[in-house]
Amino acid sequence: MRGLIAEGLACFARRVHASRFLLCRLTLLVLAIVGPFASASADGSRGVKTPPFERVLLPNGAVLLLMERRDVPLIAFNALVRGGAAADPASAEGSASLLAGLLEKGAGKRNAFAFAQTVASVGGQIETGATTEAVSVGGSFLARDQKLMVELLADMLQRPHLASDEFETLRKRHIEFIRSAKDSDLAALTPIYGAAALFAGHPYGRPVNGSEGSLSALAHSDVQRYYEQQVGADRLILTVVGDFRTADMKQLLTRAFSGWRKAGVLLPPTPPPRPVGVRRVLLVDAPQSVQSYFWAGALGVARNDPRRAPLDVVNTLFGGRFTSMLNSELRIRTGLSYGASSRFDRMKRGGGWEMSSFTQTATTIEAIDLAFETLEKLRSAGFDETLLASAKRYVQGQFPLALETASQWAYQLGSLELYELNREYIDGYAAALDSVSADAARGVIATVFPKSDEVVLVVVGQAAKIRDGLRKYGPITEMKLSDPAFAPSGPPG
């Protein structure tokens with residue numbers, strides 16, 4: 001290991017050819033994974049403990065989270081701007097996502113080409129994106145380039161060009177991505193239809209990347225307006241983790257961000273989503289598909305729900321790993337599908353729970369029946385102590401893997417701040433898993449996991465062949481895969 005470290009560091013002590021430079025960077029990235037944070041995951045049974053970090057609140061409302069780690073000469077950062085797609089106007093879905101893409105298409109004194117060239121010339125990395133509740137900018141740089149890193153990030157957030165030609169290129173590209181998925185990746189689109197149906201009329205139901213219809217109608221001025229209204233210092237959570245002196249980094253960031261304006265409007269309030277009630281069906285006609293993709297969802301829990309540990313353990317056993325109930329029934333025992341899973345999507349004001357799979361058109365109803373039967377079996381039978389112990393060990397083994405690298409810690413600390421959680425959310429998780437009892441598991445099964453007749457069912461497939469069979473599940477709302485939106489124009493059901 002020492003020899004590998006020496007080789008990696010030596011690469012950056014001298015000028016090297018571009019290909020050699022990339023190899024050296026890869027070496028250090030590997031070290032970043034196995035080295036500085038290995039102690040956090042060395043003993044999963046004891047859990048992960050959050051390393052020391054400093055929280056700084058600037059007068060304009062910007063929050064800085066600084067975690068100093070000196071093992072590898074890299075610095076990772078994660079900037080979150082609260083709002084995301086939930087702050088998109090209902091008439092301009094996709095604004096946050098397009099803005100995120102435009103942030104790296106020219107900022108400050110650099111146009112799009114010069115900006116990208118500057119990042120690449122020092123082996124840096126910057127990625128932008130949007131989620132339902134935030135716009136994000138993340139990346140990593142060598143420690144020696146930290147001043148440049150801060151300069152570029154400050155330019156992106158405070159002085160983006162938002163050029164009209166770049167907007168038009170990106171808008172068309174997003175539309176083509178959706179059309180391409182409709183041709184070749186229906187599995188990726190099914191959860192988007194699902195969220196739109198489950199959260200109909202609610203901000204959580206808005207497609208993060210927009211739809212063909214919303215993107216086609218979106219104007220350059222819409223994205224400019226989103227930036228002016230929804231982006232500002234009072235929305236910023238900036239996490240920096242890696243090889244720096246905390247006092248120096250605090251000074252750099254304070255100088256770069258303390259003069260930034262606040263967002264033009266207050267963060268829009270998000271009401272709690274409405275429960276499903278009676279089961280209903282959305283059928284999306286995909287006449288060329290030889291398979292049916294199905295998704296069933298219901299309201300879940302918020303990110304800060306205290307039942308997180310028992311919910312994770314139960315969901316792992318039901319649909320969260322290869323040997324889960326759902327996958328065992330639909331794939332291993334019957335061969336109806338190549339895979340089936342379930343998951344929670346926890347957000348600030350609630351969220352969703354979903355299970356999904358796919359099957360041949362001819363076995364659509366059989367597979368959905370089996371999925372619902374398995375859900376009812378979960379509710380009636382639950383799990384014994386042996387299975388619960390197995391799931392607890394599995395989750396405890398997986399959890400540290402998301403807390404090894406500087407980038408992962410930057411993401412996790414930012415998420416804690418975004419969802420107003422404290423470090424106990426990480427530090428106490430292993431103990432919470434250990435304490436999950438059969439009673440606790442039964443409690444969350446009864447109160448959070450839905451009955452099979454209280455879900456929204458979304459099926460994407462050949463409507464002519466599966467429509468009649470789907471009628472038994474509830475009232476059907478239909479739309480076409482070719483429709484430019486992810487939600488039907490009329491009321492659900």
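Please read all numbers here as calculations on a predicted model, not as lab measurements.

Procedures and definitions
Residues numbered from 1 in each chain as written. Predicted model: local features only at pLDDT ≥ 70, side-chain atom pairs only at ≥ 80, totals over all residues. Heavy atoms only, no water. Helix = DSSP H or I, 4+ residues; strand = E, 2+ residues; numbered from the N terminus. Buried < 20%, exposed > 50% of the residue type's maximum accessible area, 1.4 Å probe, protein only. Contact = heavy atoms within 4.5 Å. Areas by Shrake-Rupley, 256 points an atom, 1.4 Å probe, with all protein chains shown as cover. Pairing = 2+ DSSP bridges. Axes fitted to C-alpha atoms, helices over the stretch in contact; angles between N-to-C directions. Core = buried A, V, L, I, M, F, W, Y, C linked by side-chain atoms within 4.5 Å. Expected span 1.5 Å × (residues − 1). pLDDT = per-residue confidence, 0-100.

Draft legend 1. Looking closely at the overall build of the protein. Within the protein, the secondary structure is distributed over 19 helices and 12 strands. For the protein, the residues scored as buried account for 56% of the 493 residues in total. When contacts within the protein are restricted to residue pairs at least 6 apart in sequence, long-range pairs at least 24 apart make up 81% of them. Carbon and sulfur atoms make up 53% of the accessible area of the protein, which totals about 21400 Å².

Draft legend 2. Local environment of the sheet that holds strand β6 (residues 236–242). One open sheet accounts for 6 strands, arranged β1-β2-β6-β3-β5-β4; its pairing is mixed. Two strands in the sheet have a free side with no partner beyond their single neighbour: β1 (54–57) and β4 (125–130). The average undirected angle you get between the axes of adjacent strands in this sheet is 15°. As defined by bridge partners, strand β2 (residues 63–68) adjoins β6 across 6 bridges and the pair is classed as parallel. For L66, the partnering residue across the bridge sits in β6 and is V240. Across the sheet, helix α10 (residues 246–257) lies against β1, β2, β3 (74–82) and β6, angled at about 155° from β2, the strand it touches most. Across the sheet, helix α15 (residues 406–418) lies against β1, β2, β3, β5 (134–142) and β6, angled at about 25° from β3, the strand it touches most.

Draft legend 3. Main features of the nonpolar core. One finds L157, V240 and F257 to be the most contacted residues of the largest nonpolar core, which totals 145 residues. Sorting elements by how many residues they give to this core places helix α5 (residues 146–158) first, with 8 residues. In this structure L157 touches A79, V81, L103, V137, Y227, V231, L236, F257 and W260, once residues within four positions along its chain are discounted.

Draft legend 4. Structural context of the pairing of strand β7 (residues 280–285). Taken across its 6 residues, β7 has 5 buried, putting it largely inside the fold. The pairing of β7 with strand β11 (residues 456–461) spans 6 bridges and is classified as parallel. When the bridges of β11 are listed, V284 appears paired with V460. When β7 meets strand β12 (residues 476–480), the two strands line up parallel, connected through 5 bridges. Pairing of V281 across the sheet is with I476, part of β12.

Draft legend 5. Looking closely at α5. With 13 residues, α5 extends 18 Å between its outermost C-alpha atoms, agreeing within 8% with the 18 Å of an ideal straight helix rising 1.5 Å per residue. In terms of residue burial, α5 counts as a mostly covered element, since 11 of its 13 residues are buried.

Draft legend 6. Representation of the side chain of K182. Note that K182 resides in helix α6 (residues 164–184). Discounting residues that sit within four places of it in the chain, K182 has contacts with L189, Y193, E212, L481, S482 and D483.

Draft legend 7. Layout of the pairing of strand β9 (residues 340–347). Sheet topology places β9 next to strand β10 (residues 350–360); 8 bridges connect them, and they run antiparallel. Directly across from R343, in β10, lies its bridge partner E354. Counted along the chain from β9 to the antiparallel partner β10, the turn is 2 residues long.

Draft legend 8. Up close: the environment of F257. By the secondary structure assignment, F257 is in helix α10. Residue classification places F257 among the buried positions, given a relative accessible area of 0%. Taking the C-alpha atoms as reference points, F257 and A62, 195 residues apart in sequence, are found 7.7 Å from one another. Not counting residues up to four positions away in its chain, the partners in contact with F257 are L58, N60, L153, A154, L157, Q158, L236 and L238.

Draft legend 9. Spotlight on the confidence of the model for the protein. Taken as a whole, the protein shows an average pLDDT of 91; of its residues, 90% reach a score of 70 or greater. The low-confidence segment residues 1–45, where pLDDT is below 50, has 62 contacts with residues more than four positions distant or belonging to other chains.

Draft legend 10. Quick peek at the sheet that holds β10. With mixed pairing, the 6 strands of this open sheet are ordered in space as β9-β10-β8-β11-β7-β12. If you trace the sheet from one side to the other, it starts and ends with β9 and β12, each paired once. Neighbour to neighbour, the strand axes of the sheet diverge by 20° on average, direction disregarded. Sheet strands in contact with helix α12 (residues 325–333) are β8 (291–299), β9 and β10, and its direction is about 145° off that of β9. This element, helix α19 (residues 463–470), spans β7, β8, β11 and β12 of the sheet and lies at about 170° to β7.

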